[in-house]
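Now for the letters of each chain:
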Amino acid sequence: MVSRVIPVDPFDLVIFGGTGDLARRKILPGLFRRFCAGQMPADARIVGAARTDMDTAAYRAMVSDAISEFGGEFACEGTTLEKFLQQIDYISIDARGEKGWAELQEKMSGTDRVEAYYFSVSPSLFGDLAERLQHWGMADHESRIVVEKPFGRDLETARALNKTLATYFAESQIYRIDHYLGKETVQNLMAVRFGNMLFEPLWNAQYVDHIQITVAETVGVGGRGEYYDKSGAMRDMVQNHLMQLLCLIAMEPPARFDPDAVRDEKLKVIRALDPVEPHHIARGQYLAEVGNETENPDYRTAVNDPRSHTESFVALKAKISNWRWAGTPFYLRTGKRMSARSSEITVVFKETPHSIFAEDAGRHRNVLSIRLQPNEGITLGVTIKEPGPGGMRLIDVPLDMTFADALGDQDADHVDAYERLIMDVIRGNQTLFMRGDEVEAAWAWTDPLIQGWEARNDVPKPYDSGSDGPTVSTELMRRDGREWRKV
Ligand code: BG6
């Protein structure tokens, strides 16, 4: 199969925080891969902007290093990198002062191309950058801003940030990134649900027993301890990534695949979520890796706070009060230092109501698993007859569609989440970005949970590194007569 790459229109992309970790790991290597794929036009310009004093030549050298370190194995001829670097400039800028702005303004003036400003900086600077852009006449209707998470740390701060950005930019110009929405299989969720007749009639409480969403990581907090300890798994993962997955799996079919139709449906899901009862939440904190304590210390050592009550694991049972889902629980789980890196959504259907086979004592259920990473694909567990003599003994086997096997070469060029999202910014397509009201609604749901822990001084339960979380998480499921899928 041949993949179709449609070049985007010429654009100017300014990356504030252009020397930072995200720019080096994701944004710049991602742009390079789009360049190699022929999607980035030869007259597009990228401007790195940061506080550091350096000239364009030094910045290009930094970009080149970042690409060799994080660019993956994307096939690209030697001269192509040189050509790509020619399209990159650098400006040393002060987000809160005057330095660099006149130069940036001059660079951006006189073109009628798409202008995108990527705020890959601390959220405390979002408002300043927006104000500076307007002050220097760069907040015109052709311009877009891209803001990274965290978008606030609770409803109040998210509201304030939305208000500040709205002073300078219209909602249609604000692209709030949740990189999970850019993942190939996350979009496939919508394709599977709304491109097939097979699933949708069964996609409701009458046929679905429960749904599990797991995002498990093997890494610890690493060098991000200071940020992470103020966030925890709930703010860092659940409020955004897991809730987005929940919305896509639970939402009603939008009338069209367009930004507002999709986001309206997602918002309805968030607003239909019941408050979570305290005994339906399990929080955990990882212990050191046995035998490797220096390299992989316990959470509290990693964040340098021996009394930290921040969770590195959280599991909870959510209920959606609407006609489609009343009675079907959604179990969400995410954590660091778990047994494997695995993100999966599993739809567990109800058992068959009656077994007609005398030899078969059990009842059977179908299980649909959508693997986001690694080995993206879909598995449907079906019940068949065990081969051979001995009567009608039934077994459950997986019908496995691993996308890499099914799609071959086409899958090999698949696009990283950041690449896709940046190209969508240039194309002006907000479908895979969070709208301001969505973010606020998500905080409105998670805030009371976090406030509850704080009020009760809740202490997360320790769990072994390399396990699947604390035993309270297993118990949360067991109480309902269910089990987590193996990570
Ligand atoms: C980020 C979180 O948003 O997502 C990190 O801040 C987490 O803590 C990361 O590790 C996971 O993303 P991915 O794409 O590796 O699953």
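Provided above is the structure to which this section pertains.
The residue numbering used here restarts from 1 in each chain and proceeds along that chain's sequence as written. Note on the predicted model: pLDDT of at least 70 is required for a residue's local features to be given, and 80 or more for side-chain atom pairs to be given and counted; whole-chain, interface and lining totals, by contrast, use all residues. For side-chain calculations, the full set of non-hydrogen atoms in the structure is used, while hydrogens and water are omitted.

**Looking at helix H1 (residues 21-36)**
In this model H1 runs 22 Å from its N-terminal to its C-terminal C-alpha over 16 residues, within 8% of the 22 Å that 1.5 Å per residue would give. Largest kink in H1: about 30 degrees, centred on Ile27, with the proline Pro29 one to four residues after it. Only protein chains enter the area calculation, which uses a 1.4 Å probe; residues under 20% of their type maximum are buried, those over 50% are exposed, and those in between are partly exposed. Only runs of H or I of at least four residues qualify as helices and only runs of E of at least two qualify as strands under DSSP, and these elements are numbered from the N terminus. Those residues of H1 that fall on the buried side of the exposure criterion are Ala23, Ile27, Leu28, Pro29, Gly30, Leu31, Phe32, Arg33, Arg34 and Phe35. Note on contacts: a residue pair qualifies if any of its non-hydrogen atoms lie within 4.5 Å across the two residues. Tucked inside the fold, the buried residues of H1 contact strand S1 (11-16), strand S2 (45-50), helix H2 (56-70), helix H3 (78-86), strand S4 (114-119) and helix H13 (417-427). Gly38, located one to two residues past H1, shows a positive phi value of around 85 degrees. In this analysis, the expected span of each helix is defined as 1.5 Å times one less than the number of residues it contains. We define the bend at each residue as the angle formed by axes fitted to the 7 residues ending at it and the 7 residues starting at it.

**Description of helix H4 (residues 101-108)**
Within the sequence span of H4, burial applies to Trp101, Leu104 and Met108. Buried residues of H4, seen end-on, are gathered within an arc of 60 degrees and therefore sit on one face of the element. Buried positions along H4 lie against S1, S2, strand S3 (88-92), S4 and helix H5 (126-135). Downstream of H4 by a residue or two, Gly110 has a phi angle that is positive, lying close to 80 degrees. This arc describes the spread of directions from the helix axis toward the C-beta atoms.

**Here we look at the packing of aromatic side chains**
Pairing of aromatic rings covers Phe, Tyr and Trp, the last through its six-membered ring, and needs centres within 6.5 Å; plane angles under 30 degrees mean stacked, over 60 mean edge-to-face, and all others mean tilted. Applying the stated rule across the entire model yields 15 aromatic pairs. With centroids separated by 5.7 Å and ring planes inclined at 90 degrees, the aromatic side chains of Tyr286 and Tyr299 adopt a geometry described as edge-to-face. Within this pair, whereas Tyr286 is found in strand S8 (residues 281-286), its partner Tyr299 is found in helix H10 (residues 299-302), the two being separated by 13 residues in sequence. Here the two residues Tyr286 and Tyr299 agree in accessibility, since each one is buried.

**Quick notes on the sheet that holds strand S7 (residues 208-216)**
Hydrogen bonds between backbone atoms are what pair the strands of a sheet, whose relative direction is either parallel or antiparallel. Strands sit in the order S14-S13-S12-S11-S7-S10-S9-S8-S15 across an open sheet of nine strands; the sheet is mixed. What marks the edges here is a single partner per strand, and that holds for strand S14 (394-402) and strand S15 (461-463). Averaged over all pairs of adjacent strands, the angle between their axes in this sheet comes to 20 degrees, without regard to strand direction. Angular values range over 0 to 180 degrees, each being the angle between N-to-C directions of two axes fitted as lines to C-alpha atoms, with helices fitted over their stretch in contact. The sheet contacts of helix H7 (residues 184-195) involve strand S11 (342-349), strand S12 (367-373) and strand S13 (377-385), and relative to S12 the element is tilted by about 150 degrees. Sheet strands in contact with helix H8 (residues 225-250) are S7, strand S9 (313-318), strand S10 (330-335), S11 and S12, and its direction is about 145 degrees off that of S10. The pairing criterion is simple: DSSP has to find at least two bridges between the two strands.

**With respect to the site of the ligand**
All residues adjacent to the ligand are Lys149, His179, Tyr180, Lys183, Glu217, Arg224, Asp236, Met237, His241, Lys336, Arg341 and Gln373. Throughout this description, a polar contact denotes any pair of N or O atoms lying within 3.5 Å of each other; where both atoms belong to protein, one of them has to be capable of donating a hydrogen while the other can accept it, and for residues adjacent in sequence the pair is counted only when both atoms sit in side chains. In the model, an oxygen atom of the ligand is placed 2.5 Å from a nitrogen or oxygen of the Glu217 side chain. Between the ligand and Lys336, the relevant distance is 2.8 Å, taken from an oxygen atom to a side-chain nitrogen or oxygen of the residue. In terms of residue count, the dominant contributor to the shell around the ligand is H8 (three residues). Class assignment of the residues belonging to the shell around the ligand gives a composition of two nonpolar, three polar and seven charged. The criterion for a residue being near a molecule or strand is simple. One of its heavy atoms has to lie within 4 Å of it. Ten residues, namely Ala, Val, Leu, Ile, Met, Phe, Trp, Tyr, Cys and Pro, are considered nonpolar, four, namely Asp, Glu, Lys and Arg, are considered charged, and the remaining ones, Gly among them, are considered polar.

**A look at the pairing of S4**
Looking along a regular strand, one sees the side chains alternate between the two faces of the sheet. Burial analysis of S4 places six of its six residues in the buried class, which makes it a mostly covered element. Along S4, one buried face is formed by Val114, Ala116 and Tyr118 and the opposite face, lined by Glu115, Tyr117 and Phe119, is buried too. The pairing of S1 with S4 spans six bridges and is classified as parallel. In the strand pairing of S4, Ile15 is matched with Tyr118. In this sheet, strand S5 (residues 143-147) lies alongside S4 in parallel orientation, the contact comprising five bridges. The residue bridging Glu115 from the neighbouring strand is Ser143, located in S5. With its strands directed away from the observer, a crossover is right-handed exactly when the path from the first strand over the helix to the second travels clockwise. Traced from S4 through H5 to S5, the parallel crossover comes out right-handed.

**Looking at the sheet that holds S2**
One open sheet holds the six strands; their spatial order is S3-S2-S1-S4-S5-S6, and the pairing between them is parallel. Each having just a single partner strand, S3 and strand S6 (174-176) make up the two edges of the open sheet. With strand direction ignored, the average angle separating the axes of adjacent strands in the sheet is 20 degrees. Here H2 sits on the sheet and contacts S2 and S3; the angle it forms with S3, its principal contact strand, is near 120 degrees.

**Section: the side chain of Asp178**
Within the secondary structure layout, Asp178 lies in the loop between S6 and H7. Lys and Arg are tallied as positive, Asp and Glu as negative. Neither His nor the chain termini are counted. For salt bridges, the criterion is a side-chain nitrogen of Lys or Arg within 4 Å of an Asp or Glu carboxyl oxygen. No salt bridge forms around the buried Asp178; measuring N to O, its nearest opposite-charge neighbour Lys149 is 7.5 Å away. A distance of 2.7 Å separates a polar atom in the side chain of Asp178 from a polar atom in the side chain of His241. If near-sequence neighbours (up to four positions away) are discounted, Asp178 is found in contact with Asn240, His241, Gln244, Leu421 and Met434.

**Structural notes on the nonpolar core**
Only buried Ala, Val, Leu, Ile, Met, Phe, Trp, Tyr and Cys residues count toward a nonpolar core, and they belong to the same one when joined by side-chain atoms within 4.5 Å. In this structure, Phe16, Leu31, Phe84, Leu104, Phe119, Ile249 and Phe330 are the most contacted members of the largest nonpolar core, which totals 141 residues. A per-element tally of this core places H8 first, with 13 residues. When near neighbours in sequence (up to four residues on either side) are disregarded, Phe16 contacts Ala49, Ile93, Trp101, Leu104, Tyr117, Tyr118, Phe119, Ser120, Val121, Leu129 and Leu133.

**So, the pattern of salt bridges**
Inspection of the entire model under this criterion finds 40 salt bridges. The partner of Arg24 in a salt bridge is Asp21, and the shortest N-O contact between them spans 3.9 Å. Taken as a pair, Arg24 and Asp21 lie in helix H1 at a separation of three residues, close to a single helical turn. The partly exposed category is assigned to Asp21, whose relative accessible area is 46%. Note that Glu98 and Arg132 form a salt bridge whose closest N and O atoms lie 2.9 Å from each other. Here Glu98 is found in the loop between S3 and H4, whereas its partner Arg132 is found in helix H5, with 34 residues between them in sequence. On the basis of relative accessibility, which here comes to 48%, the residue Glu98 falls in the partly exposed class. For Arg132, a relative accessible area of 7% puts it in the buried group.

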